[in-house]
Amino acid sequence: MRIMSLMNVTNGDRCGADSGWIFNNLIAEEFIRAGHEFIFVGPTPLKEGLGTNVPYDFGGNKYSIRFDFNLDDFIRIINEHDPDVILANQLEIVPQLRAASTLGPNRAKIFGYAHYIPWWSEPDKPMVTDPSQNTNGISRLVVNAFMNGVDECDGVFTHSETSQNFLRLGFQTFGRTIKTPLGMVPPPYDPFLNETTDHTHSSGAVTALYGHRLYQHYGSEYFANEIAPRLTELGINVRVMDVLGKRSEERRKLDPYPEQIRDRLAQIEGVEICTSGCKRKNYRDSIQESTFGIAPLRPGTPWSMSCIDMMAAGKPMIAPNISWYAEALPENLRFNPDKPDEIQGIALRLMENPSFYTEMSRECLERTRNLAPSNIAGTMLTNFAMSTGMGQFAIMRSVKTKSCKKYAK
């Protein structure tokens with residue numbers, strides 16, 4: 001089977017810190033090991049030996065990667081490599097992909113990986129479209145393009161029950177019906193980071209790691225105002241991974257907030273800004289050196305690779321009791337965002353109660369056991385094979401197994 005994966009991201013110069021690039025490296029290795037061909041279309045090649053790389057720049061900002069599509073280029077790319085399956089991580093471009101395939105001789109099955117959904121809902125609150133995708137009122141076009149992309153897929157993977165619920169709710173709210181089969185494929189952990197065997201916390205310096213993008217819609221304001229000061233007040237060292245690094249002038253003009261909040265965080269005594277997060281070894285070292293992690297207060301979180309990275313390394317994650325966190329994180333590590341003092345209580349318990357720390361460390365690790373790259377790639381391959389060989393899309397059944405229930409509860 002020839003599998004083509006498209007990765008249209010805006011940070012091609014820092015792909016080492018991009019979850020999509022990491023994801024493609026992990027599944028490419030498993031696909032190739034299983035005897036399949038892998039063609040990667042993106043701005044930065046995968047690691048050496050992982051299939052065929054097709055260099056392609058999808059654009060420099062979050063709107064160009066959704067709306068700037070060169071039909072002739074993709075007619076040529078698809079015809080040249082003749083894939084059996086195309087995996088698209090940006091649903092908005094799927095109708096154009098379908099057109100490129102239709103206008104040539106190729107009839108590949110197209111799967112969408114809904115790593116992002118441009119709307120969400122919280123209990124007892126109305127559905128919200130993502131304000132970060134609404135420059136000059138463009139949100140309506142983003143939402144329509146996304147739903148049209150879902151319609152044109154032969155199958156759509158989501159990361160979690162949370163994201164699948166968001167997807168269904170959005171279609172229902174906008175008066176549309178999802179006809180495309182949906183399947184659940186959580187992101188895999190990275191074995192390179194999954195090396196911790198010691199689940200104890202020794203006395204001494206305590207470091208909390210915040211390894212998330214410093215966008216406003218990731219809850220960076222809440223972190224700066226409510227979380228970081230409360231942790232440093234306890235004598236905890238707070239390390240902030242600035243994974244965005246030096247962004248292009250185009251991206252800074254579109255959204256200057258990340259640089260502004262980074263400078264504010266740097267002024268808080270006890271907060272360290274780390275700029276080497278795009279180097280995988282440095283990122284692993286920061287995880288290993290940390291005592292626990294802090295999840296971002298991001299409304300509508302459908303999943304979080306940075307949280308999975310920490311959990312798979314046996315590091316407890318303190319997280320708000322919302323969205324995917326409520327599905328994937330231990331209850332004893334979740335706090336009410338309206339009661340930020342709860343963060344201090346959890347942090348103190350992790351610091352002062354060795355048995356509690358060990359219990360949370362092991363539970364976080366256990367909840368990622370089923371996320372090995374071989375499991376995730378195997379589930380995808382089963383669905384690809386069913387689709388290409390039988391004209392059907394196999395609904396994921398792995399989420400109903402005992403091991404995946406640990407991830408979902």
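Predicted, not measured: the structure shown is a model, and the values here were computed from it.

*Asks:* I tried to follow unusual backbone geometry on my own but got confused; where do I start?
*Replies:* What you tend to see is this: most non-glycine residues have negative phi, and most peptide bonds are trans. Although it is not a glycine, Asn136 sits at a positive phi angle of roughly 55°. When its relative accessible area of 79% is taken as the criterion, Asn136 is described as exposed. One non-glycine residue, Ser323, lies in the positive phi region at around 45°. Given a relative accessible area of 11%, Ser323 falls into the buried group.

*Asks:* How do you make sense of the environment of Gln288 when you look at a structure like this?
*Replies:* Locating Gln288 in the fold gives a position in helix H10 (residues 280-289). Classification of Gln288 by relative accessible area gives partly exposed; the value is 30%. In sequence terms Gln288 and Asn194 are 94 residues apart; their C-alpha atoms lie 9.7 Å from each other.

*Asks:* Hey, could you run me through the side chain of Ser306 in this one?
*Replies:* Looking at the element boundaries, Ser306 is found in helix H11 (residues 305-312). Reaching out from Ser306, the side chain makes a polar contact with the side chain of His212 at a distance of 2.7 Å. With residues up to four places along the chain from it excluded, the contact list for Ser306 reads Gly211, His212 and Tyr283.

*Asks:* Would you mind going over H11 with me for this structure?
*Replies:* Three or four residues apart is the spacing at which side chains of an α-helix point the same way, because the helix has 3.6 residues per turn. The element H11 is extensively covered by neighbouring structure, given that eight of its eight residues are classed as buried. Every buried residue of H11 is accounted for by Met305, Ser306, Cys307, Ile308, Asp309, Met310, Met311 and Ala312. Positioned one or two residues after H11, Gly314 has a phi angle of 75°, which is positive.

About the criteria used
- Residues numbered from 1 in each chain as written.
- Predicted model: local features only at pLDDT ≥ 70, side-chain atom pairs only at ≥ 80, totals over all residues.
- Heavy atoms only, no water.
- Buried < 20%, exposed > 50% of the residue type's maximum accessible area, 1.4 Å probe, protein only.
- Helix = DSSP H or I, 4+ residues; strand = E, 2+ residues; numbered from the N terminus.
- Polar contact = N/O pair within 3.5 Å; in protein donor to acceptor, adjacent residues only side chain to side chain.
- Contact = heavy atoms within 4.5 Å.

So, to be careful, I would describe these as geometric facts and stop short of saying anything about function.
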